[in-house]
Amino acid sequence: MGKHFDQDKVAAAFSTLDVHDYGDVLQCMRCGLCLSSCPTYRTDGVETQSPRGRVAMIKAVIDGKMKASEEFVEHIYHCLDCRNCQSVCPAGVKAGELALEARYRIEQNRRQPLIKKFLLNYAILDQKRLSRLLFPLKLYEISGLQSLVRKYDILNLFSEDLGFMEALAPKLPSRPLSEQIPEEIPAIGPERGRVGFFLGCAMNLIFAETSRATIENLTLAGYRVIVPKEVQCCGTPNIAEGERKVYREMAENTIRIFADRRVDYVVTDCAACGSELKTYREIFQKIPAFAAKAQEFSSKVRDVSEFLDSVLTPNVRFGPISETVCFHDPCHLRHGQRLIFPQRNLLKRIPQLDYRELPDEGQCCGSAGIYNITHRQRSMKILESKIEAIEKTQAKTVVSSNPGCLMQLNYGSGHWKKGWNVIHISEILNRSLIAGKKLD
Ligand code: SF4
Ligand code: SF4
């Protein structure tokens with residue numbers, strides 16, 4: 001992000017916060033119930049790193065009692081947008097969303113770096129472009145250079161940041177999933193309906209095999225799956241970085257694509273995408289020409305666990321899996337979509353699976369989009385707490401359902417030499433459903 005900005009212009013931009021957002025600021029009664037749920041307050045223990053502190057600072061800038069200084073901007077960017085505070089606030093204050101609103105006003109008033117413009121205004125518009133950008137990483141992997149670099153820990157000799165990013169890089173599929181599958185995949189058995197599958201960028205380009213398992217699970221549940229290949233990003237990175245113009249164009253495009261396909265539901269296996277797609281109805285509610293379409297679209301969106309938990313009737317057989325597992329709730333699932341039970345219900349249906357509850361009540365893992373790269377040290381402290389919580393469960397397999405969380409937890413497992421198997425819920429469900437089918 002660009003460092004330099006006009007403080008007065010940023011402060012003036014805050015004075016235009018609309019009634020809804022300003023109401024949120026005023027509703028904070030400073031009770032402090034949000035403090036212990038906020039990962040930055042838990043790591044730093046200071047008011048400026050708490051939801052209550054961020055709300056107070058935003059109010060002070062709006063009221064002209066505080067300058068929109070670089071320090072203020074830093075505090076706003078320290079928020080992970082995990083929304084844990086929103087789950088616990090008795091007054092309904094949306095501190096995480098307010099931080100995003102603040103970022104939008106800041107970014108409108110400072111020069112944007114070229115790399116950011118390239119990524120958010122151009123690359124993200126087309127998954128084929130993103131795939132081409134990943135090609136050097138694929139070459140690095142298949143040439144054997146990656147094994148050499150990892151064996152001798154070469155990048156860490158130059159920069160810990162580089163070493164971290166390298167260790168985070170997952171194994172890439174031979175091709176994106178969109179190039180491996182047809183647009184329509186028929187149901188297995190009698191057809192119950194048409195499900196549109198939203199190909200998230202990270203799932204399509206990095207976790208292709210996981211999304212293949214998701215689609216197979218949907219067909220096993222009796223649904224024809226429609227996979228539009230021309231979808232763009234859901235817009236989460238744009239919103240997180242204060243960009244809204246391209247975000248709205250991509251959202252409109254997604255809504256039109258799925259309306260054309262006449263699907264009954266739109267399912268995603270990325271918690272961040274699901275949370276964003278469900279928000280489109282709020283984003284467009286003030287734009288009459290599009291409000292109804294956005295409302296209809298968002299009402300059809302389901303996280304994959306939410307969908308399968310509602311359609312897999314008790315007579316569907318799950319095959320046994322003898323493993324000890326825990327589930328890490330992605331923030332965008334637990335706090336963004338308020339989904340806690342569907343994923344647990346599904347895991348508990350697997351015979352012989354020893355499910356253990358994580359004792360940290362939905363704390364963030366520190367991934368938060370690119371937070372682990374932009375705020376590496378803070379992210380690592382947050383991850384360390386998550387690793388300690390997983391350790392307490394004695395689980396050998398860590399299940400989750402968001403690509404960023406999977407990469408972060410996999411990194412943590414390797415870094416702290418835990419040897420855990422970190423997988424998406426679709427993968428373990430797929431193994432169980434296929435085993436169950438054989439038993440029928
Ligand atoms: S944000 Fe909510 S929970 Fe936190 S201090 Fe304000 S009213 Fe209390
Ligand atoms: S969204 Fe998360 S990091 Fe941000 S203030 Fe709320 S709890 Fe803290």
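Model, not experiment: these values are computed from the prediction. (Residues numbered from 1 in each chain as written. Chains lettered and ligands numbered in written order. Predicted model: local features only at pLDDT ≥ 70, side-chain atom pairs only at ≥ 80, totals over all residues. Heavy atoms only, no water.)

### Focus on the site of ligand 1
And step 1. Around ligand 1, the surrounding shell consists of Cys28, Met29, Arg30, Cys31, Gly32, Leu33, Cys34, Arg52, Cys89, Pro90 and Val93.
And step 2. Along the lines of polarity and charge, the residues of the shell around ligand 1 split into 8 nonpolar, 1 polar and 2 charged. (Near = heavy atom within 4 Å. Nonpolar A, V, L, I, M, F, W, Y, C, P; charged D, E, K, R; others polar.)

### Regarding the sheet that holds strand β4 (residues 265–268)
And step 1. If you walk across this open sheet you meet the 5 strands as β1-β3-β2-β4-β5, and the pairing is mixed. Each having just a single partner strand, β1 (184–185) and β5 (301–303) make up the two edges of the open sheet.
And step 2. Judged from the 3 bridges that link them, β4 and β5 form a sheet pairing that is parallel. Within β5, the position partnered with Val267 by the bridge is Arg302. (Pairing = 2+ DSSP bridges. Helix = DSSP H or I, 4+ residues; strand = E, 2+ residues; numbered from the N terminus.)

### Some thoughts on the domain arrangement of the protein
And step 1. Examined at the domain level, the protein breaks down into domain 1 (7–107), domain 2 (114–168), domain 3 (177–309) and domain 4 (317–439).
And step 2. The straight-line distance from the C-alpha centre of domain 2 to that of domain 3 is 27 Å.
And step 3. Contact with domain 2, which involves 9 residues of that partner, is made by 15 residues of domain 3.
And step 4. Overall, the association of domain 2 and domain 3 removes approximately 1100 Å² of surface from exposure, summing both partners, and the carbon and sulfur fraction of that is 62%.
And step 5. There are 1 salt bridge connecting domain 2 and domain 3.
And step 6. Among the ionic pairs, Lys116 bridges to Glu241, the shortest N-O distance being 3.8 Å.
And step 7. Along the contact surface separating domain 2 from domain 3 lie 5 residue pairs in polar contact (both at pLDDT 80 or more).
And step 8. Looking at the side of domain 2 that touches domain 3, the elements with two or more residues in it are α8 (114–121) and α9 (127–142).
And step 9. When residues of the side of domain 2 that touches domain 3 are assigned to their parent elements, the largest contribution, 4 residues, is made by α9.
And step 10. Across the side of domain 2 that touches domain 3, the residue classes break down as 5 nonpolar, 3 polar and 1 charged. (Domains from an automatic or database assignment. Contact = heavy atoms within 4.5 Å. Buried area = accessible area lost by both parts, 1.4 Å probe. Salt bridge = Lys/Arg side-chain N within 4 Å of Asp/Glu carboxyl O. Polar contact = N/O pair within 3.5 Å; in protein donor to acceptor, adjacent residues only side chain to side chain.)

### With respect to a nonpolar patch on the surface
And step 1. Together, Ile115, Phe118, Leu119, Tyr122 and Leu133 make up an exposed nonpolar region whose accessible area comes to about 460 Å².
And step 2. For the nonpolar patch, the leading source of residues is α8, giving 3 residues.
And step 3. In this fold, Leu119 is placed in helix α8. (Patch = residues over 30% accessible without salt bridge, like charges linked within 9 Å, V, L, I, M, F, W, Y side chains within 5 Å. Areas by Shrake-Rupley, 256 points an atom, 1.4 Å probe, with all protein chains shown as cover.)

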